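# Coordinate analysis (summary)
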Amino acid sequence: LPGAQLPASPAALHLQPLARWREITGALLAPQASISPKYFYDQRGSELFEAITRLPEYYLTRTERALMRRHGGAIAEAVGTGRVVIEPGAGSCVKAQALCRRLRATHFVGVDISADYLRGAIERLRMALPGVDARAVAGDITAGLQLPPDIPRQRRLVFYPGSSIGNFDPLQALALLVQMRALALEGGALLIGIDLPKDRAMLEAAYDDAAGVTAAFNRNVLVHLNRLIGSDFDPRQWQHLALFNQAASRIEMHLQARAAQRVRWTGGGRDFAAGERIHTENSYKHPLPAFTALLRQAGFASVQSWTDARGWYAVVHARA
Ligand code: AVI
């Protein structure tokens, strides 16, 4: 697959400061400078992302929510009730709560790197659904997650909403789907949300909103890096760009230098020419047939999907 790369380290999200410094500065010094999108999500970045999900241009979250409501009955029938729902990257657990209620889930396992934030979310889910055995697990599925041994091995459903799979290159996405299948175990399943390809103007607006929230989200990664590697990026010197790459079927986000500048960090630095770009994110828009093929490649069978009337978004169910 062209351009696809496996993560440099499977434990990339748990890097110690020196290894993280190496990873970040290595990517900044490459001929095409880049920053991994995982660095978007510091406290401010997570708040900005929440704001993005409410923007008029960002149709993804509300389209998925409407789809889950509209086809909730059919989805529950396909998935089956009494499930052990496992959500990698669970965050606020809001979507999982609705799903657990609908499926009359017996257990919920929220997995997130930020365990503190997750624990609060799990507490709220427990209060709302006292019949569900809800647990917080600190971990990262891209790093080969192990669940506690007392989580039932039968009737598992891995839930991965929000089109988060789109932020991985196809080969990484395949590796992640393989991990999810391993987590679901025999007899388990996956329920996943994917954003579909659509009109360029609509996609570019969703990633470059009129209020400038996505621009602030993109630039905030520089502020986060300043803390992580001691750099002196001036976010005002960087322009937000969101471009649809039709050939790769992905939105690309970049930060473009407004003027020539030198950026320093602890132990190094780099000169950027005016107009030079730092690539910060890809958001793939997989056509449904291609995504179904990817699921099959990962070993899933009997794929079923629900799409909104406009064909913008899909929720896909696949048996492990
Ligand atoms: C988290 N992820 C699915 C979002 C997306 O649409 O790719 C991240 C995002 N980047 C800019 N806006 C939203």
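Below: a short report on this structure. (Residues numbered from 1 in each chain as written. Predicted model: local features only at pLDDT ≥ 70, side-chain atom pairs only at ≥ 80, totals over all residues. Heavy atoms only, no water.)

## Overview of the environment of I35
- The residue I35 is located in the loop between α1 (17-29) and α2 (43-52) in this model.
- For I35, a relative accessible area of 5% puts it in the buried group.
- Put simply, I35 and E23 are 12 residues apart on the chain and 9.3 Å apart in space, counted from C-alpha to C-alpha. (Helix = DSSP H or I, 4+ residues; strand = E, 2+ residues; numbered from the N terminus. Buried < 20%, exposed > 50% of the residue type's maximum accessible area, 1.4 Å probe, protein only.)

## Description of the sheet that holds strand β10 (residues 277-284)
- Pairing is antiparallel in the open sheet, where three strands are placed in the order β6-β7-β10. Whereas interior strands pair on both sides, the edge strands pair on one side only; in this sheet they are β6 (238-245) and β10. Strand-to-strand twist in this sheet, taken as the mean axis angle between neighbours without regard to direction, amounts to 20 degrees.
- Pairing of strand β7 (residues 250-257) with β10, which is carried by seven bridges, proceeds in the antiparallel orientation. In the sheet register, H254 faces β10, and the bridge partner there is H279. (Pairing = 2+ DSSP bridges. Axes fitted to C-alpha atoms, helices over the stretch in contact; angles between N-to-C directions.)

## Re the packing of aromatic side chains
- Following the criterion strictly, the structure yields 10 aromatic pairs and no others.
- Consider the rings of W238 and F272, whose centres lie 5.1 Å apart with planes at 90 degrees: the pair is edge-to-face. A residue pair is termed long-range when its members are at least 10 positions apart, and W238 in strand β6 and F272 in strand β9 (residues 268-272) qualify at 34 residues.
- Judged by relative accessible area, which is 0%, W238 ranks as buried.
- Given the relative accessible area of 2%, F272 is considered buried.
- Among the aromatic residues, those joined into a ring-pair cluster are F40, Y41, F49, Y58, Y207 and F217.
- One Lys or Arg, R310, reaches over the ring of W312 and ends 3.7 Å from the middle of that ring. (Phe/Tyr/Trp six-rings, centres within 6.5 Å; stacked < 30°, edge-to-face > 60°. Lys NZ or Arg CZ within 6 Å of the ring centre and 35° of its normal.)

## Overview of the sheet that holds strand β4 (residues 156-160)
- With respect to topology, seven strands assemble into an open sheet ordered β3-β2-β1-β4-β5-β12-β11, the strand pairing being mixed. Edge positions in the open sheet fall to β3 (133-138) and β11 (301-307), since each of these has one partner strand only. Each neighbouring strand pair of the sheet contributes to a mean axis angle of 20 degrees, computed without reference to strand direction.
- Along the sheet, helix α5 (residues 94-103) makes contact with β1 (84-88), β2 (107-112), β4 and β5 (189-195), crossing β4 at roughly 145 degrees. (Contact = heavy atoms within 4.5 Å.)

## Some thoughts on the site of the ligand
- Residues in close proximity to the ligand total 14 residues, the closest being Y58, N167, Y207, E281 and S283.
- The contact in question runs from a nitrogen atom of the ligand to an N or O atom on the side chain of N167, over 2.8 Å.
- Take E281: an N or O atom from its side chain is 2.7 Å from a nitrogen atom of the ligand.
- If the ligand stood free it would expose 340 Å²; the protein chains cover 96% of that surface.
- Going through the elements one at a time, α2, α9 (213-229) and β10 are the ones with two or more residues in the shell around the ligand.
- A class-by-class count of the residues in the shell around the ligand yields seven nonpolar, six polar and one charged. (Near = heavy atom within 4 Å. Polar contact = N/O pair within 3.5 Å; in protein donor to acceptor, adjacent residues only side chain to side chain. Areas by Shrake-Rupley, 256 points an atom, 1.4 Å probe, with all protein chains shown as cover. Nonpolar A, V, L, I, M, F, W, Y, C, P; charged D, E, K, R; others polar.)

## Considerations on α1
- Here α1 contains 13 residues, and its C-alpha end-to-end distance of 18 Å stays within 8% of the 18 Å for a straight helix at 1.5 Å per residue.
- Among all positions in α1, only I24, T25 and L28 are buried. Within α1, the buried residues cover an arc of 90 degrees as seen down the axis, which keeps them to one side.
- Residues of α1 that are buried in the fold lie against α9, β8 (261-265), β9 and β10. (Expected span 1.5 Å × (residues − 1). Arc of directions from axis to C-beta.)

## A look at the pattern of salt bridges
- The tally for this structure, following the rule as stated, stands at 16 salt bridges.
- Between K198 and D195 there is a salt bridge whose closest N-O contact spans 2.8 Å. Summarising the burial analysis for this pair, K198 and D195 share the class buried.
- Here E276 and R270 are joined by a salt bridge, their closest N and O atoms 2.6 Å apart.
- What you see here is one network of salt bridges that share partners, running through D133, R135 and D150. (Salt bridge = Lys/Arg side-chain N within 4 Å of Asp/Glu carboxyl O.)

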